[in-house]
Amino acid sequence: MMNIRCFQNNFSAASFPLVPVQLPSRMETHLWYVLPNEVKSMSLLSQYSELLSPCEKEDINCIRGDDLRKRALLARALVRTTIARYQINNQVNPSSLKFRKNAHGKPEVEWQDDDNLCPVPLHFNLSHTSSMIACGVTMNVAIGIDIEEKQRQLKNNVLAFSRRYFSPYEVKILTAISDPEIQHQEFIKLWTLKEAYVKALGRGFSGLPFKTFTIRSKPATTGSFNLSEDFVSKASEIIVESSDDPENLTNEWQFALLELAGSHYAAICMEKDKTVGGEANTPMKLTVWKTIPFIEDECVSGTDAVVAIGGLIKQ
Amino acid sequence: MASVSATCLCLRASPYSSNTTTQGTRRISSTKLVSIPWKNSGFRSFRITCAAKPETVQKVCDIVRKQLALPPETELTPASKFSALGADSLDTVEIVMGLEEEFDISVEEESSENITTVQEAADLIEKLVQKKAEA
């Protein structure tokens, strides 16, 4: 992966193209994130503005507050530039991408329908906090991601919140944690996993009430692969169970839980690709980039910036 | 704006002003069709609901302001969208919890996707409060 550093200047987007990237393979997730605090240049922000559709610009203009507007702008710029890197159908211009919502309201790319080509099976999902914006990308399979600041404070009491929104099993697990800090951490992790799941399904929070499913970890079966240092040392799998039908393990979804940039928990939920043969418990291959679009890309997989804390992950 | 239904003709006095304490609306009971002009997007779709009381809207604003830690100078109107105020999903859920406590109601998850603005929250609250009173 190339590291490109340059001085922020009045380069137009066209004169400093995005570094192209190979599409993720099946069972692989790409994760791109940007830290808003690192983007200060007004000329860079206006370059990002130029990428947006009229509707996107309009939506951003409705937002009050410079920080919020900047965050919304960076989110759109991240999605557009990330997808443009994959150069699908030789399309390299981030500003020419069109987006729409699918039947469930989940955003997706609307590929140009030249020659009635089949829609490209690239999937993406976006999440942001006040200090990070992340975009996950997969091929052929659905993806949902959610990030939260580790230190994020709740207005409500953790257990009250959990009793209201989480499944009985999850409440039991959280209640059993006596250290309030650890309880808070585990709550945030569980929240991101549940959010990532409903976002992967494309139904969002109201489409699939959190109480109706349980996410928990279970020791991984060794199956046909050998555990090596690539994998999480505890080698526990994260699984989801439907509350209505707990015997029927929903084995279609794979989870990864990470600590990102030391400041965030990130959960990734990816659909398992049934066409891939072999043991169902194949780890998720993950590649992570920290980026400032047009300025700098840094592959941070395997560094301190990406710490796997749950699920079977191979970086 | 005027709108016509089979049973009644109703008028809304003025669009919402930015000061939530001086609502130009009149409370009209039972069924009516309402047509509300929203900035930038023409008319909102018709809904058969009562407009929420100004006090309800104000309480919602207070809860939202507190949850999102909005600075006092941030303008908050009934049309304010939570997402535009920087609320993520966890914020929205906490806002709903705060509203449930404040108004002693229970919001079904399926309804929560309809709560994207202050006005929608206030309208839903009044509906639930009324339903509870009738039960």
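So, how was this worked out
Residues numbered from 1 in each chain as written. Chains lettered and ligands numbered in written order. Predicted model: local features only at pLDDT ≥ 70, side-chain atom pairs only at ≥ 80, totals over all residues. Heavy atoms only, no water. Contact = heavy atoms within 4.5 Å. Buried area = accessible area lost by both parts, 1.4 Å probe. Salt bridge = Lys/Arg side-chain N within 4 Å of Asp/Glu carboxyl O. Helix = DSSP H or I, 4+ residues; strand = E, 2+ residues; numbered from the N terminus. Nonpolar A, V, L, I, M, F, W, Y, C, P; charged D, E, K, R; others polar. Expected span 1.5 Å × (residues − 1). Buried < 20%, exposed > 50% of the residue type's maximum accessible area, 1.4 Å probe, protein only. Arc of directions from axis to C-beta. Phe/Tyr/Trp six-rings, centres within 6.5 Å; stacked < 30°, edge-to-face > 60°. Lys NZ or Arg CZ within 6 Å of the ring centre and 35° of its normal. Axes fitted to C-alpha atoms, helices over the stretch in contact; angles between N-to-C directions. Parallel < 35°, antiparallel > 145°, perpendicular 65-115°, else oblique. Left-handed = near helix turned anticlockwise from the far one by under 90°. Disulfide = S-S within 2.5 Å. Polar contact = N/O pair within 3.5 Å; in protein donor to acceptor, adjacent residues only side chain to side chain.

Draft legend 1. Main features of the interface of chain B and chain A. Taken together, the contact between chain B and chain A spans 22 residues of the former and 21 residues of the latter. Carbon and sulfur atoms supply 52% of the area that chain B and chain A bury against each other, a total of about 2,100 Å² over both sides. Joining chain B to chain A, the criterion identifies four salt bridges. Notably, a salt bridge pairs Asp91(B) with Arg152(A), separated by 2.8 Å at the nearest N-O pair. Within the residue set of the side of chain B that touches chain A, elements represented by two or more residues are helix H1 (54-67), helix H2 (89-103) and helix H3 (109-112) of chain B. Looking at the side of chain B that touches chain A, the element that brings in the most residues is H2(B), giving nine residues. Across the side of chain B that touches chain A, the residue classes tally to seven nonpolar, five polar and ten charged.

Draft legend 2. Layout of H1(B). Residues and elements named next belong to chain B. Counted at 1.5 Å a residue, the expected span for H1 with its 14 residues is 20 Å, and the 20 Å between its end C-alpha atoms agrees. Turning to H1, its buried residues number three or more, namely Thr56, Val57, Val60, Cys61, Ile63, Val64 and Gln67. Projected down its long axis, H1 shows its buried positions confined to an angular sector of 165 degrees, all on one face. Note on H1: the residue one or two positions beyond its end, alanine 69, has a positive phi of about 50 degrees.

Draft legend 3. Representation of the packing of aromatic side chains in the model. Residue and element names in this part refer to chain A. Taken as a whole, this structure holds 13 aromatic pairs over all chains when the rule is applied. With centroids separated by 5.7 Å and ring planes inclined at 70 degrees, the aromatic side chains of phenylalanine 161 and tryptophan 191 adopt a geometry described as edge-to-face. Residue phenylalanine 161 is found in helix H4 (residues 158-165), and its partner tryptophan 191 is found in helix H6 (residues 180-201); the two are separated by 30 residues along the sequence. Chaining the aromatic ring pairs together yields one cluster made of Phe161, Tyr165, Phe166, Phe187, Trp191, Tyr197, Phe210, Phe213, Trp253 and Phe255. When the ring centre of tyrosine 165 is taken as origin, the NZ or CZ atom of arginine 164, which lies over that ring, is 4.4 Å away.

Draft legend 4. Up close: the packing of H4(A) against helix H5 (residues 168-175) of chain A. Residues and elements named next belong to chain A. The geometry of H4 relative to H5 is characterised by a closest axis approach of 8 Å and an angle of 165 degrees between their N-to-C directions. The orientation of H4 relative to H5 falls into the category roughly antiparallel. You can see that H4 and H5 cross each other, and the crossing is left-handed. Contacts from Leu159, Ser162 and Arg163 of H4 reach H5 at Val171, Leu174 and Thr175. Each residue belonging to the contact of H4 with H5 can be placed in one class, and the counts come to three nonpolar, two polar and one charged.

Draft legend 5. Representation of the pattern of salt bridges in the model. Considering all chains together, one arrives at 20 salt bridges over all chains under this definition. A salt bridge links Arg164(A) to Glu100(B), with the shortest nitrogen-to-oxygen separation between them at 2.6 Å. Taken together, the residues span two chains, with Arg164(A) in helix H4 and Glu100(B) in helix H2. Comparing Arg164(A) with Glu100(B), the two get one shared label, buried. Within this structure, Glu148(A), Arg152(A), Asp88(B) and Asp91(B) form a network of salt bridges that share partners.

Draft legend 6. Molecular detail of the state of the cysteines. Using the criterion set out here, one finds zero disulfides over all chains in the structure. Here Cys135(A) is not cross-linked by a disulfide; its sulfur's nearest cysteine counterpart is in Cys269(A), at 16 Å.

Draft legend 7. Molecular detail of the environment of Ser41(A). Residues and elements named next belong to chain A. Tracing the chain through its elements places serine 41 in the loop between strand S1 (28-34) and helix H1 (42-51). The class for serine 41 is buried, based on a relative accessible area of 12%. Within polar-contact distance, the side chain of serine 41 engages the side chain of serine 43 at 3.0 Å. Reaching out from serine 41, the side chain makes a polar contact with the backbone nitrogen of leucine 44 at a distance of 3.0 Å.

Just distances and angles here, no functional claims.
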